[in-house]
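As a plain string of letters, each chain reads:
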Amino acid sequence: MKNIVANFNASLKAEIAAGCYLAEIAFRSGAVWRICDSDIEIIVSGDIFIPYPFTYDNFNFGTSGEIERIVTSLDNSDNSQTPVFRSHDQRKSTLKFWYAALDFESVLIDKLCLFSGYLESYEFVDNNVIVYWISPLYASMQSSLNHLSASCINGFKDSVCAYDGTDVSCSHTYTDCALKGNTANFRGGVVSVVSGKMAQGEIR
């Protein structure tokens, strides 16, 4: 990815003073969160990206050169992310991840989209939320991703499970959830969803 960024910077005519990464997360619950790893707010086409401690890791490139997976780590030392992920089923949430070139006044010169994809899974590790994202193009080619093996983390009939049928027990598997007609609230693995509109794997 360093080569991608270096080539992008070299192609720009204006002088570049700094660069930063921008992330836009559109949660399934409806909220849109825009953050950057800069020390100050970055404005892009009227949208404000606020400084927030996050890191990225484990870029997985496919044979086509496209990034198939990305892992982001969101700071959760103040527990602000706990209700976001614990209280809502965030499957189908999306991430757009850019590198932004800035001038000497930290004004955007141009930006390069490095990744666009869906939330695959997440976990709480120490004071961070580790979120795993997958591109729609990669998901469409991996049929194995459509099978869920992880156990659901919901409590049976709790507020997130929301099952109100007559069954009195649950095995916490996707198969059992399907028999109960409650897969919309399943919180184990994640069914891969391929965007109906995509170009080179990018979500529109």
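As a reminder, the structure under discussion sits directly above these lines.
A quick note: this is a predicted structure, and the numbers were derived from the prediction, not measured.

## Considering the packing of aromatic side chains
This structure, assessed with the given rule, holds twelve aromatic pairs. The interplanar angle of 90° and the centroid separation of 6.1 Å between the aromatic rings of Phe 8 and Tyr 99 together place this pair among those described as edge-to-face. One end of the pair, Phe 8, is in helix 1 (residues 2-11); the other, Tyr 99, is in strand 7 (residues 94-102), with 91 residues separating them in the sequence. In this structure an aromatic cluster arises from ring pairing among Phe 8, Tyr 21, Phe 54, Tyr 56, Phe 97 and Tyr 99.

## Description of the pattern of salt bridges
Within the structure shown, the criterion is met by five salt bridges. The salt bridge involving Arg 34 is made with Glu 24; its shortest N-O contact spans 2.8 Å. Residue Arg 34 is located in strand 2 (residues 32-36), and its partner Glu 24 is located in strand 1 (residues 18-26); the two are separated by ten residues in the primary sequence. Its relative accessible area of 23% is what places Arg 34 among the partly exposed residues. Relative accessible area serves as the criterion here: at 17%, Glu 24 is assigned to the buried category. Between Asp 167 and Lys 180 there is a salt bridge, and its shortest N-O distance comes to 3.3 Å. Here Asp 167 is found in the loop between helix 3 (136-141) and helix 4 (174-179), whereas its partner Lys 180 is found in the loop between helix 4 and strand 10 (198-199), with 13 residues between them in sequence. By relative accessible area, which is 14% here, Lys 180 ends up buried. The network of salt bridges with common partners includes Glu 24, Arg 34 and Asp 47.

## Some points on unusual backbone geometry
Not every positive phi belongs to a glycine, and Ser 45 is a case in point at roughly 50°. Considering the arrangement of structural elements, one finds Ser 45 in the loop between strand 3 (42-44) and strand 4 (47-51). A residue is classified by how much of its surface remains accessible, and Ser 45, at 74% relative accessible area, is exposed. Although it is not a glycine, Asp 126 adopts a positive phi angle of roughly 55°. Along the chain, the position of Asp 126 falls in the loop between strand 8 (108-125) and strand 9 (128-134). Owing to a relative accessible area of 75%, Asp 126 belongs among the exposed residues under this scheme.

## Focus: the nonpolar core
Counting 25 residues, the largest nonpolar core has Leu 74, Leu 95, Phe 97 and Trp 133 as the members making the most contacts within it. Of all the secondary structure elements, the ones that give two or more residues to this core are helix 1, strand 1, strand 2, strand 6 (67-75), strand 7, strand 8 and strand 9. Counting residues in hydrophobic clusters, the runner-up holds nine residues, among them Ile 42, Val 44, Phe 49 and Leu 102.

## Focus: the environment of Thr 82
Its place among the elements puts Thr 82 in helix 2 (residues 82-86). Residues Thr 82 and Val 129, spaced 47 residues apart in sequence, show a C-alpha to C-alpha distance of 8.2 Å. Those residues in contact with Thr 82, other than ones at most four positions away along the chain, are Asn 76, Ser 87 and Phe 124. Within the structure, Thr 82 has its side chain in polar contact with the side chain of Asn 76 (distance 3.0 Å).

Criteria and thresholds
Residues numbered from 1 in each chain as written. Predicted model: local features only at pLDDT ≥ 70, side-chain atom pairs only at ≥ 80, totals over all residues. Heavy atoms only, no water. Phe/Tyr/Trp six-rings, centres within 6.5 Å; stacked < 30°, edge-to-face > 60°. Helix = DSSP H or I, 4+ residues; strand = E, 2+ residues; numbered from the N terminus. Salt bridge = Lys/Arg side-chain N within 4 Å of Asp/Glu carboxyl O. Buried < 20%, exposed > 50% of the residue type's maximum accessible area, 1.4 Å probe, protein only. Core = buried A, V, L, I, M, F, W, Y, C linked by side-chain atoms within 4.5 Å. Contact = heavy atoms within 4.5 Å. Polar contact = N/O pair within 3.5 Å; in protein donor to acceptor, adjacent residues only side chain to side chain.

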